[in-house]
Amino acid sequence: MAKVAFLGLGVMGFPMAGHLKTKGGHDLTVYNRTAAKAEQWVAKFGGRSAPTPKAAAEGQDFVLCCVGNDNDLRDVALGANGAFHGVKKGAIFVDHTTASAEIARELYAEAKKRGFDAIDAPVSGGQAGAENGVLTVMCGGEPEPYGRAEPVIAAYARMCKRLGPAGSGQLTKMVNQICIAGLVQGLSEGIHFAKKSGLDVAAVIDTISKGAAQSWQMENRYKTMNDNKYDFGFAVEWMRKDLSICIAESRRNGASLPVTALVDAFYAEVEKMGGKRWDTSSLLARLER
């Protein structure tokens, strides 16, 4: 059992922190910008809540974080009452936010100055993965602190791996989102084509999913896509945030991402259709306007 703080109790953080308490058996202190959400978590799982990130972090062995974007992360970590002002020497800060590699390296450097370690550890698996404790966690940082953090992360992870130095977790999450963007567009076009051809979509997918076309998206999203239902996962506005991070990083490292940029533009069209909160499989809705 470790003393753990968890900062950010959104759709991902709320169940992740819950697994740390129920499955991991850790001593939990939580913080959320909306205090009522923190109290709701305490009422459900026990533990305690703190009024600021700094107060939550004080005296903890691990400080875990899952917020919205770079700006939220910088505020929660380095703001006036940020966690970094309370983290003790020798502790480990683990950030599950999907953010830029740049801020991951910034927080790593700042943590080292203050005598503790930082690991960037974005996740994949969505809300369902968080609730079921089967997330994939992609980590960047030094081997020794990662080794200490991995058993804690295991409370909500099916797969957890260190990919390299600070920033490597965020870069790997970018690869993940780049791959998903192309897959969802391909699946959308395939279903659209099947419908236009008068084929039985369910029969087609049942057949081709046994071959090289198989993917998680196909197995888990084709039915809801075929029914024009788009309330089953990661929201379009969050995917656009992630893809903007990918595209910005590609400008720095020289990678060419033509399909990613095109799919991002398609998601912008979905947003204009009122689909900002639809799940990412709603690319099909754009084709069927």
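Details of the structure are given in the entry above.
As a starting point, this report considers the structure included with it. Everything numeric here is computed off the predicted structure, so don't read it as measured data. (Residues numbered from 1 in each chain as written. Predicted model: local features only at pLDDT ≥ 70, side-chain atom pairs only at ≥ 80, totals over all residues. Heavy atoms only, no water.)

A look at the overall build of the chain
At step 1: Assigned secondary structure in the chain consists of 13 helices and nine strands.
At step 2: In terms of overall size, the chain behaves like a compact globule, its C-alpha atoms giving a radius of gyration of 20 Å where 289 residues would be expected to give roughly 19 Å.
At step 3: Seen through its principal axes, the chain has C-alpha atoms that stretch 65 × 45 × 35 Å.
At step 4: Relative to its full complement of 289 residues, the chain shows a buried share of 51%.
At step 5: In the chain, the share of contacts with a sequence separation of at least 24, taken over all contacts with a separation of at least 6, comes to 68%. (Helix = DSSP H or I, 4+ residues; strand = E, 2+ residues; numbered from the N terminus. Rg over C-alpha atoms; globule rule 2.2 N^0.38 Å. Buried < 20%, exposed > 50% of the residue type's maximum accessible area, 1.4 Å probe, protein only. Contact = heavy atoms within 4.5 Å.)

Digging into the packing of aromatic side chains
Here the distance between the centres and the angle between the planes together describe a pair of aromatic rings.
At step 1: As enumerated under the stated definition, the model contains five aromatic pairs in all.
At step 2: Arranged with centres 5.0 Å apart and planes meeting at 80°, the rings of F84 and F93 form a pair that is edge-to-face. The same class applies to F84 as to F93, namely buried.
At step 3: These aromatic residues form a ring-pair network of at least three members: F14, W41 and F45.
At step 4: Taking the ring centre of F266 as reference, the NZ or CZ of R286 above it sits at 3.6 Å. (Phe/Tyr/Trp six-rings, centres within 6.5 Å; stacked < 30°, edge-to-face > 60°. Lys NZ or Arg CZ within 6 Å of the ring centre and 35° of its normal.)

Quick word on the pairing of strand β2 (residues 27–31)
Regular strands place side chains that alternate from one sheet face to the opposite one.
At step 1: Buried residues dominate β2, accounting for four of its five residues.
At step 2: In this sheet, β2 lies alongside strand β1 (residues 3–7) in parallel orientation, the contact comprising five bridges. Within β2, the residue paired with A5 across the bridge is T29.
At step 3: Handedness of the crossover joining β1 and β2 through helix α1 (residues 13–22): right-handed.
At step 4: Relative to strand β3 (residues 48–49), β2 runs parallel, the two being bridged by two bridges. Pairing of T29 across the sheet is with R48, part of β3.
At step 5: On the question of chirality, the crossover connecting β2 to the parallel β3 by way of helix α2 (residues 35–45) is right-handed. (Pairing = 2+ DSSP bridges. Right-handed = clockwise from strand over helix to strand, strands pointing away.)

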